[in-house]
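Residue-level listing of the chains:
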Amino acid sequence: MRIPDIIIAVDGYSSTGKSSFAKMVAAEFGFLYLDSGAMYRGVTLVAMEKGMIDAGGKIDEPALKATLDKGLDLHFRRDEGLTRLFLGERCIEEEIRTLAVSSHVSPVSAIPFVRSFVDDKLHEFSRGGRVIMDGRDIGTTVFPNAEVKIFMTADELVRAQRRFDELVSKGQVPVFDEVLANLKERDYIDSHREASPLTQAPDAYVMDNTHMTMHEELVWMLGLLQGRFGILEAPALSC
Ligand code: DC
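A short tour of the structure in this document, coming up. The model shown is predicted, which means the values in this text are computed figures rather than measured ones.

About the cut-offs
Residues numbered from 1 in each chain as written. Predicted model: local features only at pLDDT ≥ 70, side-chain atom pairs only at ≥ 80, totals over all residues. Heavy atoms only, no water. Pairing = 2+ DSSP bridges. Helix = DSSP H or I, 4+ residues; strand = E, 2+ residues; numbered from the N terminus. Contact = heavy atoms within 4.5 Å. Axes fitted to C-alpha atoms, helices over the stretch in contact; angles between N-to-C directions. Near = heavy atom within 4 Å. Polar contact = N/O pair within 3.5 Å; in protein donor to acceptor, adjacent residues only side chain to side chain. Areas by Shrake-Rupley, 256 points an atom, 1.4 Å probe, with all protein chains shown as cover. Core = buried A, V, L, I, M, F, W, Y, C linked by side-chain atoms within 4.5 Å. Buried < 20%, exposed > 50% of the residue type's maximum accessible area, 1.4 Å probe, protein only. Phe/Tyr/Trp six-rings, centres within 6.5 Å; stacked < 30°, edge-to-face > 60°.

**Focus on the sheet that holds strand β4 (residues 82–87)**
Judged by pairing direction, the sheet is antiparallel, and its three strands sit side by side in the order β3-β4-β5 without closing on themselves. Each having just a single partner strand, β3 (74–79) and β5 (90–91) make up the two edges of the open sheet. Bridge analysis of β3 against β4 gives six bridges, and the strand direction is antiparallel. Bridging across to β4, Asp79 finds its partner in Leu82. Where helix α2 (residues 36–49) meets the sheet, its contacts fall on β3, β4 and β5, and the angle it forms with β3 comes to roughly 125°.

And the structure:
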């Protein structure tokens with residue numbers, strides 16, 4: 001089944017499985033997957049490593065701005081179907097997923113000059129289209145004209161458990177209550193900041209995946225795309 005060359009925007013709360021969903025859809029329909037949150041995490045990692053965030057979480061904004069203005073070389077590279085984030089020649093995919101980065105990324109991503117730096121990068125990497133991108137403001141700010149917008153949500157405890165399991169699978173030793181607190185705090189900051197807060201675009205399709213398997217998510221997406229583009233053919237799914 002051939003889906004046209006469109007942009008698919010996937011937004012939603014933390015740990016709703018946006019990236020797993022978007023990666024699966026990208027692999028199934030031959031789209032480029034871009035993780036906008038990774039860019040915010042990359043900027044946060046740089047700020048942490050350069051000592052621009054103090055022990056109390058205060059961000060040295062002038063120093064961070066100077067670093068971004070100088071032209072920070074954060075970029076995605078495609079590697080066997082996966083898209084990975086690089087800082088220069090250094091792959092930083094693992095470092096950006098730690099709880100330490102998670103606990104600073106929302107305040108960093110609320111800074112307007114950080115958002116415009118990331119938005120420019122996202123547009124640069126999406127040139128050519130046929131992209132599925134996940135984040136918080138993709139369907140509202142980054143690609144307000146995206147042909148398909150999805151808004152994902154799920155029960156808070158289920159999301160915290162997923163995040164916890166993900167950290168454990170990466171060899172980290174998380175504390176469930178800390179993971180839950182971090183998730184709630186990020187949702188709050190993401191939804192209440194002034195610059196591009198997380199909101200559901202009026203024309204987004206809502207997916208609550210609290211009780212859905214990945215396969216059910218794919219079937220849901222398939223139904224949506226078939227209806228949206230008038231495709232009658234019943235495709236064979238790979239998973
Ligand atoms: O999806 P994630 O958890 O990796 O995102 C990390 C943070 O980046 C999240 O707390 C909010 C921010 N973010 C954002 O503000 N806008 C986006 N489009 C994507 C992420």
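**With respect to the site of the ligand**
Around the ligand there are 15 residues in total, and Arg41, Arg115, Asp137, Arg186 and Arg193 lie nearest to it. Take Arg41: an N or O atom from its side chain is 2.7 Å from an oxygen atom of the ligand. In isolation the ligand offers 450 Å² of accessible surface; the protein chains occlude 96% of this area. Secondary structure elements with two or more residues in the shell around the ligand: α2, α4 (99–109) and α8 (176–192). Per element, the largest residue contribution to the shell around the ligand is four residues, and it comes from α2.

**So, the nonpolar core**
One finds Val43, Leu64, Leu74 and Val114 to be the most contacted residues of the largest nonpolar core, which totals 38 residues. At seven residues, the largest contribution of residues to this core is made by α2. Contacts of Val114, omitting those with residues within four sequence positions, involve Tyr40, Val43, Leu64, Leu68 and Val108.

**Considerations on the sheet that holds strand β2 (residues 32–35)**
The strands making up a sheet associate through backbone hydrogen bonding, with each pair oriented either parallel or antiparallel. On the basis of which strands lie adjacent, the open sheet formed by five strands has the order β2-β6-β1-β7-β8 and parallel pairing. Bordering the open sheet on either side are β2 and β8 (205–208), each of which pairs with just one other strand. Neighbour-to-neighbour, the strand axes of the sheet open up by a mean angle of 20°, direction not taken into account. Sheet topology places β2 next to strand β6 (residues 131–135); four bridges connect them, and they run parallel. The residue bridging Leu32 from the neighbouring strand is Val131, located in β6.

**Observations concerning the side chain of Thr16**
Relative to the assigned elements, Thr16 resides in the loop between β1 (7–12) and α1 (18–29). A polar atom in the side chain of Thr16 sits 2.8 Å from the backbone oxygen of Tyr13. When neighbours within four sequence positions are excluded, Thr16 is seen to be in contact with Met152, Thr153, Ala154, Arg159, Arg162 and Asn209.

**Let's talk about the packing of aromatic side chains**
Applying the stated criterion to the full structure yields three aromatic pairs. When the centroid spacing of 5.5 Å and the interplanar angle of 85° are considered together, the rings of Phe76 and Phe125 count as edge-to-face. Taken together, the residues span a long stretch of sequence, with Phe76 in strand β3 and Phe125 in helix α5 (residues 112–126) at a distance of 49 residues. A relative accessible area of 9% places Phe76 in the buried class.

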